[in-house]
Amino acid sequence: NRLLLVNGPNLNLLGTREPGVYGTDTLDDVFALASATAKDVGFDLRAFQSNHEGALIDVVHEAKADCDGIVINPGAFTHTSVALRDALTGVGLPFVEVHISNVHAREPFRHHSYLSDVASAVIVGAGVQGYEFAVRRLATVLA
Ligand code: DQA
């Protein structure tokens, strides 16, 4: 029983990046929260972050072999990447899309996601707590 947590570009800067938008928790804090939540619901968690689209696609492909579902914050690739969408639909694992900020209250180019219509659930604007919600939801979906 394993979940994959994927964070996309610039999320390695969490904690110092636009704290008014994304808060002050770091990516390590996100890993800790998601891992603890996963453990609570009976899953191991593997975490991966990359600033590179192809690396994100590769890790999604690899998840098919040994993960049951994916929590993903694709960062700006949310709004640009047909390739990441195709990777997720290609492996067919259920996934929950997370955005720390409320993308719908921001610039119009953040209102469209290439992933949302194929996601199991979408959590936006809940801060880093959204990762906890996503892990719990995925566990429910997989039960
Ligand atoms: C984000 C929202 C995206 O629009 C942005 O490009 C990010 C982070 C979020 O978590 O709120 O990098 O996915």
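Residues numbered from 1 in each chain as written. Predicted model: local features only at pLDDT ≥ 70, side-chain atom pairs only at ≥ 80, totals over all residues.

1. Comments concerning the overall build of the protein chain
Right, on to step 1. Secondary structure assignment for the protein chain yields 5 helices and 5 strands.
Right, on to step 2. Counting helices and strands in the order they occur from the N terminus, the protein chain gives β-α-α-β-α-β-α-β-β-α.
Right, on to step 3. In terms of C-alpha radius of gyration, the protein chain reaches 14 Å, essentially the compact-globule figure of 15 Å for 143 residues.
Right, on to step 4. Considering only C-alpha atoms, the protein chain reaches an extent of 35 × 30 × 25 Å along its principal axes.
Right, on to step 5. Buried positions account for 32% of the 143 residues belonging to the protein chain.
Right, on to step 6. Long-range contacts, defined as pairs at least 24 residues apart, comprise 76% of the intrachain contacts of the protein chain with a sequence gap of at least 6. (Helix = DSSP H or I, 4+ residues; strand = E, 2+ residues; numbered from the N terminus. Rg over C-alpha atoms; globule rule 2.2 N^0.38 Å. Buried ≥ 20, exposed ≤ 12 C-beta atoms within 10 Å, placed from the backbone. Contact = placed C-beta atoms within 7 Å.)

2. Things to note about the sheet that holds strand β1 (residues 2–7)
Right, on to step 1. The 5 strands lie next to each other as β2-β1-β3-β4-β5, forming an open sheet whose pairing is parallel. At either end of the open sheet lies a strand with only one pairing partner, and these are β2 (44–49) and β5 (121–124). Adjacent strand axes in the sheet meet at a mean angle of 15°, parallel and antiparallel pairs treated alike.
Right, on to step 2. Of the pairings in the sheet, the one linking strand β4 (residues 95–99) to β5 comprises 4 bridges and is parallel in character. (Pairing = 2+ DSSP bridges. Axes fitted to C-alpha atoms, helices over the stretch in contact; angles between N-to-C directions.)

3. Here's the deal with the site of the ligand
Right, on to step 1. Every residue close to the ligand is listed here: Asn 10, Asn 73, Gly 75, Ala 76, Thr 78, His 99, Ile 100, Ser 101, Val 103 and Arg 110.
Right, on to step 2. The residue inventory of the shell around the ligand, partitioned by class, reads 3 nonpolar, 6 polar and 1 charged. (Near = placed C-beta within 6 Å. Nonpolar A, V, L, I, M, F, W, Y, C, P; charged D, E, K, R; others polar.)

4. Some remarks on the nonpolar core
Right, on to step 1. Counting 31 residues, the largest nonpolar core has Leu 3, Ile 70, Val 71, Tyr 131, Ala 134 and Val 135 as the members making the most contacts within it.
Right, on to step 2. The contacts of Tyr 131, once residues within four sequence positions are left out, are Val 30, Leu 33, Ala 34, Val 71 and Val 98. (Core = buried A, V, L, I, M, F, W, Y, C linked by C-beta atoms within 7 Å.)

5. Considerations on the UniProt feature "binding site: substrate" (unreviewed entry) in the protein chain
Right, on to step 1. Listed under "binding site: substrate" (unreviewed entry) in the UniProt record, and renumbered for this structure, are Asn 73, His 79, Asp 86, Ile 100, Ser 101 and Arg 110. Over a stretch of 38 residues, the named residues are scattered through the fold, their C-alpha atoms separated by up to 24.2 Å.
Right, on to step 2. Relative to the helices and strands, Ile 100 is located in the loop between β4 and β5.
Right, on to step 3. Ile 100 gets classed as buried once you count the C-beta atoms within 10 Å, which come to 23. (UniProt positions renumbered as here; feature names shortened; annotations may be inferred.)

6. Quick notes on the UniProt feature "site: Transition state stabilizer" (unreviewed entry) in the protein chain
Right, on to step 1. The UniProt feature table records "site: Transition state stabilizer" (unreviewed entry) at Arg 17.
Right, on to step 2. Look past the residues within four positions of Arg 17 in its chain and what remains in contact with it is Asn 10 and Tyr 22.

7. Notes on the packing of helix α2 (residues 27–40) against helix α5 (residues 129–142)
Right, on to step 1. Following both chains from N to C, one finds α2 and α5 inclined at 25°, their axes separated by 9 Å at the closest point. One element, α2, and the other, α5, form an angle in the roughly parallel class. Handedness of the α2/α5 crossing: right-handed. Residues Val 30, Leu 33, Ala 34, Thr 37 and Ala 38 of α2 lie in contact with α5, whose contacting residues are Tyr 131, Glu 132, Val 135 and Arg 136.
Right, on to step 2. Here the contact of α2 with α5 is composed, by residue class, of 6 nonpolar, 1 polar and 2 charged. (Parallel < 35°, antiparallel > 145°, perpendicular 65-115°, else oblique. Left-handed = near helix turned anticlockwise from the far one by under 90°.)

8. Concerning helix α3 (residues 53–66)
Right, on to step 1. Three or more residues of α3 are buried, namely Leu 56, Val 60 and Ala 63. In a view along the axis of α3, the buried residues occupy a sector of 50°, so they form one face of it. In α3, those exposed residues whose orientation departs by more than 90 degrees from the buried face are Gly 54, Ala 65 and Asp 66.
Right, on to step 2. Elements that come into contact with the buried residues of α3 comprise β1, β3 (69–73) and α4 (82–91). (Arc of directions from axis to C-beta.)

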